[in-house]
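Notes for the structure review
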Amino acid sequence: MKKLLVTGGAGFIGANFVHYWMAKYSADKVVVLDALTYAGNIANLDSVKDDANFNFVHGNICDQALIETLLVEHSIDTLVHFAAESHVDRSITGPDAFIETNIIGTYSLLKSAKKVWLDGKSILEGHRFHHVSTDEVYGTLSPTDPAFTESTAYAPNSPYSASKAASDHLVRAYHHTYGLNVTTSNCSNNYGPFHFPEKLIPLVITNILHDKALPIYGDGQQIRDWLYVEDHAYGIDLVLQNGRVGENYNIGGDNEWTNIDIVKTISKLVEQEFLKNKDLATRFPAAKAAMAQNTESLISYVKDRLGHDRRYAIDATKTINELSYKPKESFETGIAKTVAWYLNNEAWWQSVMDGSYQNWIAEQYS
Ligand code: NAD
Ligand code: DAU
């Protein structure tokens, strides 16, 4: 039985990981620590909040005293670190928060873990610090370059990816220097339920439903390698169970798509759903207008992202060979599930859009 501290568990991937873990390992204890920034949403944890093995703590990963208390009081043996500033566009307009959370925050967690697990009266054998990172640390690829492997040199290009690269190096150093049991996974673009609608896929789905423009940066020929979020949770599970301490593991979906093709695919899927289910036109009257023409007509080419990486692609051979990793969803099944989730969970994304998803914080401190 494990006792997990999950940082960033109220965010997109963290919450999906908590759902996955608690369904599969129902006897394990899970403590979520989350600062509930704009990206955190307590409603993402609704389905587990009443479980006796679940605890939510509203706090910051930079708060070392809090982390040490949590590690001791909950006898944590496994820390899974998702908390981060995650949106590349925001890192371009405001890098400070990325340096603070992604670098200083990870450093604070490492210091606390070392203090509690290694520097006390007795070393906690079998502890694990798992760091969730990104393929963006490897930089960008040309259309013909081989995909990123774990030995590809780091070459981060955005303030976001530079901050993640710095945190990866700190994690590695805490293993090499102090013997902290660390693993790191570097994953490609995730998609699925609870994805914050500033990111491409949920933005496109929700904009179609509002009959709003679908912004394509630059020429739309940039390539991302998409992975259904539950397959990411599964990959982390395998690394936690059988990954070698001190190692990095790439996790990907082998699903390279240009941005423009993704947007066109989603447009078609939403149109098909409206044809199958007449009720949708009543629920989303704005989208009815878009459906009357062709949703692709909403596509609008806009100014490119500064320093926009052209292509990401993950070679997950090491994770496949060592840990028998295999994604369960194809892009076709994953994107269909995702579109269906957004159509069926309007209350979730409406509360994000009108800001009421953050009422919980005000209520706690009033
Ligand atoms: P997200 O932005 O949806 O969620 C981040 C969560 O961290 C939020 O709940 C937020 O409130 C919390 N948080 C932020 N700063 C905090 C702080 N200082 N203290 C405590 N909590 C804080 O992010 P995501 O997309 O779920 O990504 C999770 C992790 O996975 C990140 O480390 C990201 O770099 C990595 N990653 C993401 C993707 C992707 O496609 N989204 C792909 C590869 C790796
Ligand atoms: O590769 C993993 C990374 O994937 C993670 O580390 C990041 O946390 C995560 O946010 C994601 O980064 P991207 O920048 O690739 O994701 P985003 O959804 O912001 O953009 C995907 C692509 O779509 C990218 O090439 C930019 C483009 N884009 C994005 C938006 C929001 C558009 O063309 N229009 C848009 O409006």
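The structure under discussion appears in the preceding block.
Everything quoted here is computed from the prediction, not taken from an experiment.

Another aspect to go through is the pairing of strand E1 (residues 3-7). Among the five residues in E1, four count as buried, and that is most of the element. In this structure, E1 lies alongside strand E2 (residues 29-34), joined through five bridges in parallel fashion. Within the sheet, the bridge partner assigned to Leu5 lies in E2 and is Val31. Remark: the E1/helix H1 (residues 12-24)/E2 crossover connection has right-handed handedness. Pairing analysis gives four bridges linking E1 to strand E4 (residues 78-81), with the strands arranged parallel. Each residue of the ladder has a partner; that of Leu4, found in E4, is Thr78.

Around ligand 1, a shell composed of 28 residues is seen, among which Ile13, Asp34, Ser86, Tyr160 and Lys164 lie nearest. Between ligand 1 and the protein, one listed contact pairs a nitrogen atom with a side-chain N or O atom of Asn60 at 3.0 Å. Coverage of ligand 1 by the protein chains reaches 96% of its 840 Å² of free accessible surface. Mapped by element, the contributors of at least two residues to the shell around ligand 1 are H1, strand E5 (128-134), helix H5 (159-178) and strand E7 (189-191). Among the elements that line the shell around ligand 1, the one with the most residues is E5, at three residues. Per-class residue counts for the shell around ligand 1 are 13 nonpolar, 13 polar and two charged.

With that out of the way, let us pick up the sheet that holds strand E6 (residues 182-187). Taken together, the seven strands give an open sheet; going across it, the order is E3-E2-E1-E4-E5-E6-E10, and neighbouring strands pair in parallel fashion. The sheet is open, and its two borders are formed by strand E3 (54-58) and strand E10 (248-251), each paired with just one other strand. With direction set aside, neighbouring strand axes in the sheet form an average angle of 20°. On top of the sheet, helix H4 (residues 96-118) reaches E1, E4 and E5; it is set at about 165° to E5, its chief contact. Contacts between H5 and the sheet are confined to E5 and E6, with E5 contributing the most and set at about 155° to the helix.

Before going further, it helps to examine the packing of H1 against helix H7 (residues 229-242). Axis separation between H1 and H7 bottoms out at 9 Å; the angle between their running directions is 65°. Seen along the crossing, H1 lies across H7 with a hand that is right-handed. Contacts between H1 and H7 involve Phe12, Ile13, Asn16, Phe17, Tyr20, Trp21 and Lys24 from the first element and Val229, Glu230, His232, Ala233, Tyr234, Ile236, Asp237, Leu240 and Gln241 from the second. Across the contact of H1 with H7, the residue classes tally to ten nonpolar, three polar and three charged.

Calculation criteria
- Residues numbered from 1 in each chain as written.
- Chains lettered and ligands numbered in written order.
- Predicted model: local features only at pLDDT ≥ 70, side-chain atom pairs only at ≥ 80, totals over all residues.
- Heavy atoms only, no water.
- Buried < 20%, exposed > 50% of the residue type's maximum accessible area, 1.4 Å probe, protein only.
- Helix = DSSP H or I, 4+ residues; strand = E, 2+ residues; numbered from the N terminus.
- Pairing = 2+ DSSP bridges.
- Right-handed = clockwise from strand over helix to strand, strands pointing away.
- Near = heavy atom within 4 Å.
- Polar contact = N/O pair within 3.5 Å; in protein donor to acceptor, adjacent residues only side chain to side chain.
- Areas by Shrake-Rupley, 256 points an atom, 1.4 Å probe, with all protein chains shown as cover.
- Nonpolar A, V, L, I, M, F, W, Y, C, P; charged D, E, K, R; others polar.
- Axes fitted to C-alpha atoms, helices over the stretch in contact; angles between N-to-C directions.
- Contact = heavy atoms within 4.5 Å.
- Left-handed = near helix turned anticlockwise from the far one by under 90°.

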